[in-house]
Amino acid sequence: MPHGMDTRQKFALIGAGPMGLAAAKTLAEQGVDHDGFELGDDVGGLWNIDNPRSTMYESAHLISSKSMTEFTDYPMREDVAEYPSHREMKAYFQDFADHYGLYERYKFGAEVTRLEPLGGNGDGWRVAWKDAGGEHEAIYAGVMIANGTLSEPNLPHFPGAFGGELIHSSQYRSASQFDGKRVLIVGAGNSGCDIAVDAIHHGVSCDLSMRRGYYFVPKYIFGKPADTLGGSIKLPMWLKRKIDGMVLKWFVGDPAKYGFPKPDYALYESHPVVNSLVLFHAGHGDLKVRTDIANMDGNTVHFTDGTSSEFDMIVAATGYRLHYPFIDRQWLNWQGDAPHLYLNAMHPERDDIFVLGMVEASGLGWQGRHEQAEMVARYVAGLRNGNAAARKLKAEKAGDFERATGGMNYLKIARMAYYVDKATYRNAVTGWIRKLTSA
């Protein structure tokens, strides 16, 4: 341990992406001392394309508009585009960190390698990390994990052997990688469709292999960002589905006429694809939609509908999986594809470990994550101060609880294992914030 480091009353906060920064800010506001650890040389998390674990690509932009994504108490500048690029997002997080004095709270170039509890709840945690100066460890009162959810590639097994270049989308950086190549994109999520548009313009050809259908949402409706329609009007999900489904029929039509498979689930039971260009290109014959891969033999890819084609490059846009390599799963109450935590953040039995940012919802934005951080920060401070609401929250999270799905029947796949209903989730989190503030 570096000389003079007194950490036994501090929390160790891992990650300086948007979730880590929100946590650093709210912890400071609540008087909870902490040390931040960030693998990269700057803030921004995956939005910092130079971060060693970033999965960003040059053409990446937000799929939600800035007004629906920004931190409420730190709006983006007016000269920032409605759908900011990754460079604008990195600059935003740098400005946010500067404004709230967060840089001084972090050790940069510091990779956490191990987290181990010293005993039961409240006995402290041993935190080990390495940096340019070597290997270190220290004892902390607790740990907060905010290292993100989109850095560990989920690369499925493809039958057969491919003779060309096969990469995961996390390895994709620039459209020049497609020059002179026949490209197959596997997976039609938001990244897959973004990358397909790049390949259309730079490759010889581009095909898109899909296992299931998706709902497609244009970025603009009636000349405004699609996610701003409706404003603060809160509708029950059955009515929201009906209205939004009608709007999509008006502005998108039936994706099946472009060759896309029909979704076998209801709107919002999986994350929709926010992209105005992929249907345009499919309608112009620039993109060929394929079924799932059956087998690969050299440069030939056979599909489950009996067709086949030759390709030079395959990009597996098959998503990511939760990855906390520095801690044993037993300390995260892992169940199935994700840790089972109260409001996706709080361990049912321990008050010295929290997972921040392991939450996804359509339209949640950074503000929804900021609220999660504030709830946790107020809870930790409240326990130390004998706050009655904190004791009530402690009892609540120790009982049986379900994920805040709002009754939504989300697809039973790994990437939806920590998905929540935005209204249900934010109502619960802000409810606890009010109680912790007033008690």
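Everything below is about the structure printed above this text.
Each value, and the rule that gives it
- Residues numbered from 1 in each chain as written.
- Predicted model: local features only at pLDDT ≥ 70, side-chain atom pairs only at ≥ 80, totals over all residues.
- Heavy atoms only, no water.
- Helix = DSSP H or I, 4+ residues; strand = E, 2+ residues; numbered from the N terminus.
- Rg over C-alpha atoms; globule rule 2.2 N^0.38 Å.
- Buried < 20%, exposed > 50% of the residue type's maximum accessible area, 1.4 Å probe, protein only.
- Contact = heavy atoms within 4.5 Å.
- Pairing = 2+ DSSP bridges.
- Axes fitted to C-alpha atoms, helices over the stretch in contact; angles between N-to-C directions.

S.K.: How should the overall build of the chain be read in this particular structure?
M.R.: Scanning the chain from terminus to terminus reveals nine helices and 23 strands. Taking 439 residues into account, the globule formula puts the C-alpha radius of gyration at 22 Å, and the chain, at 23 Å, falls close to it. Projected onto its principal axes, the C-alpha positions of the chain cover 65 × 50 × 45 Å. Across the 439 residues that make up the chain, the buried fraction comes to 52%.

S.K.: Looking at this structure, how should I read the side chain of T26?
M.R.: Counting through the fold element by element, T26 comes out in helix 1 (residues 18-29). Excluding its chain neighbours within four sequence positions, the residues that come into contact with T26 are H370, A373, E374 and A377.

S.K.: Teacher, can you tell me more about the sheet that holds strand 7 (residues 142-145) here?
M.R.: Across a sheet, strands are paired by hydrogen bonds formed along the backbone, either parallel or antiparallel in direction. The strand order 3-2-1-7-23 describes an open sheet built from five strands, whose pairing is parallel. The two strands at the open ends of the sheet, each matched to only one other strand, are strand 3 (106-108) and strand 23 (353-355). On average, adjacent strands in this sheet sit at an angle of 15° to one another, irrespective of strand direction. Looking at chain direction, strand 1 (residues 11-14) and strand 2 (residues 34-38) are connected through four bridges and run parallel. The residue of strand 2 that forms the bridge with L13 is G36. The strands that helix 7 (residues 365-385) touches are strand 1, strand 7 and strand 23; relative to strand 23, the one it contacts most, it runs at about 170°.

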